[in-house]
Amino acid sequence: MNRGQRILGPRVIVALDYPSADRALALVSRLDPSLCRVKVGKELFTRAGPVLVRHLVDAGFDVFLDLKFHDIPNTVAQACRAAADLGVWMINVHALGGRRMMEAARAALDDGTDHRPLLVAVTVLTSMEGSDLADVGLHGTPAEHVRSLAKLAGDSGLDGVVCSAREVAELRLAHGDGFLLVTPGIRPEGSAHGDQKRVMSPRQAIAAGSSYLVMGRPVTQADDPVAVLRSIEADLAV
Ligand code: C5P
């Protein structure tokens, strides 16, 4: 199941997609850092901020701060440093910010600190279709842009990319085992798909070469989130 990647600890990153710190913490109080990592995105961060992130870090969770930075290189570099200072485990930027922006982010994290979060890039948002790309002057298919932006991210020294599970096999082949592939759109067998159109099970995604699985509603809306996580863990261990 590991396909040669050296991944230690839980593969599932639970997306804390809540409008308040209280609701996020109510779920987190039922979870354990040995079972999952957690993701804080734009909504929760904008409402609950660094205080919540520090609380999660202090509770022992690996935190993926999913703020998708995209700005001039200096600004992104400083934002990445600020994130590192919060003690988060992983952060991300948009690959469309370009090589200099990604290299500046990389350099800011490598610069004189003992805490170096993983740095991954978003290539093309999965909500974008070919016509959306054409509207902003990007010609070619989404798959072509994913391919070239993932290469740019790798060449710029990033640790990996966020991608849909259907892109994993090709990207794993192109980039080898050292490149992180973080995949949302994961649904355990038999669970509701919600608004996700192209889903894979945890087992399928890991078998295809995914490094980490981002999962929101199948865990956050479960009556027993721990049971869901334990059953995924057991499924992946086979
Ligand atoms: O509830 P669900 O499992 O669909 O949540 C998936 C999480 O991954 C959400 O936080 C969503 O914003 C994020 N995500 C996604 N698709 C992408 C990128 C991020 O679903 N392409």
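Just so it is clear, the structure is predicted and the values come from calculations on it, not from any experiment.

Visitor: What is the right way to look at the site of the ligand in this model?
Guide: Near the ligand, the surroundings consist of A15, D17, K39, T126, P184, R187, Q196, V214, M215, G216, R217 and P218. Contact distances for the ligand include 2.4 Å between a nitrogen atom and a side-chain N or O atom of T126. The side chain of R187 places a nitrogen or oxygen atom 2.8 Å from an oxygen atom of the ligand. Contact with the protein chains removes 78% of the 460 Å² of surface that the ligand exposes when unbound. Mapped onto the shell around the ligand, the elements with two or more residues apiece are β8 (212-215) and α9 (217-220). Counted by class, the shell around the ligand contains five nonpolar, three polar and four charged residues.

Visitor: So what exactly am I meant to see when it comes to the packing of helix α1 (residues 21-28) against helix α2 (residues 42-58) here?
Guide: Packed helices, taken two at a time, are described by the angle between their axes plus the distance between the axes. Viewed as axis vectors pointing N to C, α1 and α2 meet at an angle of 40 degrees, and their least axial separation amounts to 9 Å. Considered as vectors, α1 and α2 are oriented oblique to each other. Two secondary-structure elements touch here, α1 through A21, A24, L25 and V28 and α2 through L44, A48, L52, H55 and L56. Among the residues forming the contact of α1 with α2, the class breakdown is eight nonpolar, one polar and no charged.

Visitor: What's the story with the pattern of salt bridges in this structure? I'm lost.
Guide: Opposite charge on two side chains permits them to pair, given that their charged atoms come into close proximity. If you walk through the whole model with that rule in mind, you get 11 salt bridges. Salt-bridge contacts for E103 lead to R99; the nearest nitrogen and oxygen are separated by 3.9 Å. Here R99 and E103 lie together in helix α4 (residues 99-110), a separation of four residues that amounts to about one turn. Judged by relative accessible area, which is 39%, R99 ranks as partly exposed. Residues participating in the shared-partner salt-bridge network are R106, D110, R116 and D159.

Visitor: What am I meant to see in the sheet that holds β8 here?
Guide: Pairing between the strands of a sheet is mediated by backbone hydrogen bonds and can be parallel or antiparallel. Pairing is parallel around the closed barrel formed by eight strands, whose spatial order is β1-β2-β3-β4-β5-β6-β7-β8. Direction aside, neighbouring strands of the sheet carry axes that sit 25 degrees apart on average. Those strands touched by α2 are β2 (37-40) and β3 (63-69), and its axis lies near 145 degrees from that of β3.

Visitor: Quick question: what am I supposed to make of the environment of S191 here?
Guide: Relative to the assigned elements, S191 resides in the loop between β7 (180-183) and α8 (202-208). At 2.9 Å, the side chain of S191 and the backbone oxygen of P188 are in polar contact.

Visitor: Explain the nonpolar core here, please?
Guide: Taken as a class, soluble globular proteins show a tendency for nonpolar side chains to be buried jointly. Judged by nonpolar contacts, the single largest core of 64 residues is most densely connected at L16, L65, C80, V93 and V161. In this structure C80 touches F69, I91, V93, A105, L109 and L119, once residues within four positions along its chain are discounted. Core analysis: the second largest hydrophobic core is formed by 13 residues, I7, M90, V162 and V214 among them.

Visitor: What is the right way to look at helix α6 (residues 142-155) in this model?
Guide: In this model α6 runs 20 Å from its N-terminal to its C-terminal C-alpha over 14 residues, within 8% of the 20 Å that 1.5 Å per residue would give. Those residues of α6 hidden inside the fold are in contact with α4, β5 (118-122), α5 (130-135), β6 (160-162) and α7 (165-175). Once α6 ends, the next one or two residues include G157, with phi positive near 90 degrees.

Cut-offs and rules
Residues numbered from 1 in each chain as written. Predicted model: local features only at pLDDT ≥ 70, side-chain atom pairs only at ≥ 80, totals over all residues. Heavy atoms only, no water. Near = heavy atom within 4 Å. Polar contact = N/O pair within 3.5 Å; in protein donor to acceptor, adjacent residues only side chain to side chain. Areas by Shrake-Rupley, 256 points an atom, 1.4 Å probe, with all protein chains shown as cover. Helix = DSSP H or I, 4+ residues; strand = E, 2+ residues; numbered from the N terminus. Nonpolar A, V, L, I, M, F, W, Y, C, P; charged D, E, K, R; others polar. Axes fitted to C-alpha atoms, helices over the stretch in contact; angles between N-to-C directions. Parallel < 35°, antiparallel > 145°, perpendicular 65-115°, else oblique. Contact = heavy atoms within 4.5 Å. Salt bridge = Lys/Arg side-chain N within 4 Å of Asp/Glu carboxyl O. Buried < 20%, exposed > 50% of the residue type's maximum accessible area, 1.4 Å probe, protein only. Pairing = 2+ DSSP bridges. Core = buried A, V, L, I, M, F, W, Y, C linked by side-chain atoms within 4.5 Å. Expected span 1.5 Å × (residues − 1).

The quantities given are spatial measurements derived from coordinates; they are silent on function.
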